[in-house]
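The chain contents come next:
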Amino acid sequence: MSRTTSRRIGNAVRAVSLTFYGLLVILPIYWMVITSFKTNTEIVNAQHITYFPETFTLENYQSLFRMLSYSTYLKNSVIITLVTAVVVVLLSILGGYGLARFKFKGKGGVLIFFMLTQMIPGILVIIPLYVTFAALGLINTRISLFIFYIITNLPFCVVTMRSFFERIPYELEEAAYVDGCNRLQTLWKIVLPVMFPGIVAVFVFAFIGAWNELIAGTIFLNTPDMWTIPVGLKSLIGKYSVQWGALMAGGVLALLPTAIMFMFVQKYVVEGMTAGAVKG
């Protein structure tokens, strides 16, 4: 078999694999979107599955806002996710810079610890944290979610940021020192602008991690006025019935902020994640 033929076969296999993977990702989203515009009768009719709404309706979106305080859930989600993402980015910058530029005893152990934390399911620490938060009076407050989301997202983000810092030549910082900049000025004026894609990648990772999280929100938040979007949508799943139409409409609205954000920052996310994954 010639090299050209082998290359063509390899390209064809990759194309088929990527197409199949794309369908696996897109089809559930497509089904959620079209279901949100179907009537309840069409949704629950198991004898006649439709792949496009026979009767286009906005009834499910109206029911969603009628049954739930969706604007309250949206406000809570935006506040919690934005604060979490900003704090994680700031701490990741400091932690990543320290791990990349300083030599200290136990540095390797810190990196190993951060990596090992990614192997521990977050659900394992929820109960101990619940006991701690209850003793501190933090249950049913946003602070409890801030703490949980920060500690679960921070290790990966610090390691990612550290890898990105190591890709930046140290000579840039030395030149800034020669020009009279201190370390903080060098970090702010020289290094951070260069690694903007990495910052965006970490921000997006932390944002999505907090935006989509359900279990901690369900356990730490007790009253509807504190619920986030995932927790609020969960209330549509009852013991004997599920409000599928409103649930799908809520899912579409919950997907829009992250989808819009990715439209604007996908270039930086790809650059940041690939750059941060090259050198560890």
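Summary of the structure given here. All chains use their own residue numbering, which begins from 1 and follows the written sequence. In keeping with the predicted nature of the model, local features appear solely for residues at pLDDT of at least 70, side-chain atom pairs appear and are counted solely at 80 or more, and the whole-chain, interface and lining totals rest on all residues. Note: side-chain values were computed over all heavy atoms of the structure, leaving out hydrogens and water.

### Digging into helix H7 (residues 142-167)
Applicable threshold: Secondary structure elements are defined from DSSP: runs of H or I of at least 4 residues count as helices, runs of E of at least 2 residues count as strands, and each element is numbered from the N terminus. Here, expected helix span is obtained from the residue count minus one, scaled by 1.5 Å. Working definition for bend: take the seven residues up to and ending at a residue and the seven starting at it, fit an axis to each, and measure the angle between the axes.
Given a rise of 1.5 Å per residue, 26 residues ought to cover 38 Å, and the 36 Å separating the end C-alpha atoms of H7 matches this to within 8%. Considering bend angle alone, the principal kink of H7 is centred on leucine 154 and spans about 40°; proline proline 155 follows within four residues of it.

### Re the pattern of salt bridges
To be explicit about the condition: Salt bridge, as used here, is a side-chain nitrogen of Lys or Arg placed within 4 Å of a carboxyl oxygen of Asp or Glu. Between buried and exposed lies partly exposed: a residue is buried under 20% and exposed over 50% of the maximum accessible area for its type, with that area taken using a 1.4 Å probe on protein chains only.
This structure, assessed with the given rule, holds two salt bridges. When the shortest N-O distance is used, the salt bridge between arginine 101 and glutamate 173 registers 2.5 Å. Of this pair, arginine 101 sits in helix H4 (residues 70-101) while glutamate 173 is found in helix H8 (residues 170-178), placing the two residues 72 residues apart along the sequence. Neither residue differs from the other here; arginine 101 and glutamate 173 are each classed as buried. With a shortest N-O distance of 3.2 Å, arginine 162 and glutamate 166 are connected by a salt bridge. Here glutamate 166 and arginine 162 lie together in helix H7, a separation of four residues that amounts to about one turn. Comparing arginine 162 with glutamate 166, the two get one shared label, buried.

### Considering the packing of helix H6 (residues 123-136) against H7
Rules: Every axis in this analysis is a line fitted to C-alpha atoms, fitted for helices over the stretch in contact. Angles between the N-to-C directions lie between 0 and 180 degrees. By convention, the crossing between two helices is left-handed when the near helix turns anticlockwise from the far helix through less than a right angle, and right-handed when the turn is clockwise. Contact definition: two residues touch when any of their heavy atoms are within 4.5 Å.
Their axes nearest at 11 Å, the elements H6 and H7 cross at an angle of 145°. Read as a crossing pair, H6 and H7 show a hand that is right-handed. Contacts between H6 and H7 involve Val125, Ile126, Leu129 and Phe133 from the first element and Ser144, Ile147, Phe148 and Ile151 from the second.

### Notes on unusual backbone geometry
Backbone geometry places asparagine 140, a non-glycine residue, at a positive phi of 65°. Summarising the element assignment, asparagine 140 is placed in the loop between H6 and H7.

### Observations concerning the nonpolar core
Quick reminder of the rule: Buried Ala, Val, Leu, Ile, Met, Phe, Trp, Tyr and Cys residues that are joined via side-chain atoms within 4.5 Å together make up what is termed a nonpolar core.
Counting residues in each nonpolar core, the largest one holds 58 residues, and the members touching the most others are Leu64, Ile93, Phe165, Met195, Phe220 and Leu233. Not counting residues up to four positions away in its chain, the partners in contact with leucine 233 are Leu64, Leu68, Tyr70, Leu247, Gly250 and Gly251. Listed in part, the five residues of the second largest apolar core include Leu99, Leu111, Val158 and Val159.

### Comments concerning the environment of tryptophan 244
With respect to the helices, strands and loops of the structure, tryptophan 244 is situated in helix H13 (residues 244-278). The exposure class of tryptophan 244 is partly exposed, given its relative accessible area of 42%. Between the alpha carbons of tryptophan 244 and threonine 35 there is a distance of 8.2 Å; along the sequence they are 209 residues apart.

### Considerations on helix H5 (residues 107-117)
Threshold: Starting at the helix axis, one direction is taken to each C-beta atom, and the arc is that of these directions.
When H5 is considered as a whole, its buried residues turn out to be Lys107, Leu111 and Phe114. Buried residues of H5 fall within an arc of 60° about the axis and therefore sit on the same side. Seen from the open side of H5, the exposed residues pointing more than 90 degrees away from its buried face are Ile112 and Phe113. Next to the buried residues of H5 lie H4 and H7.

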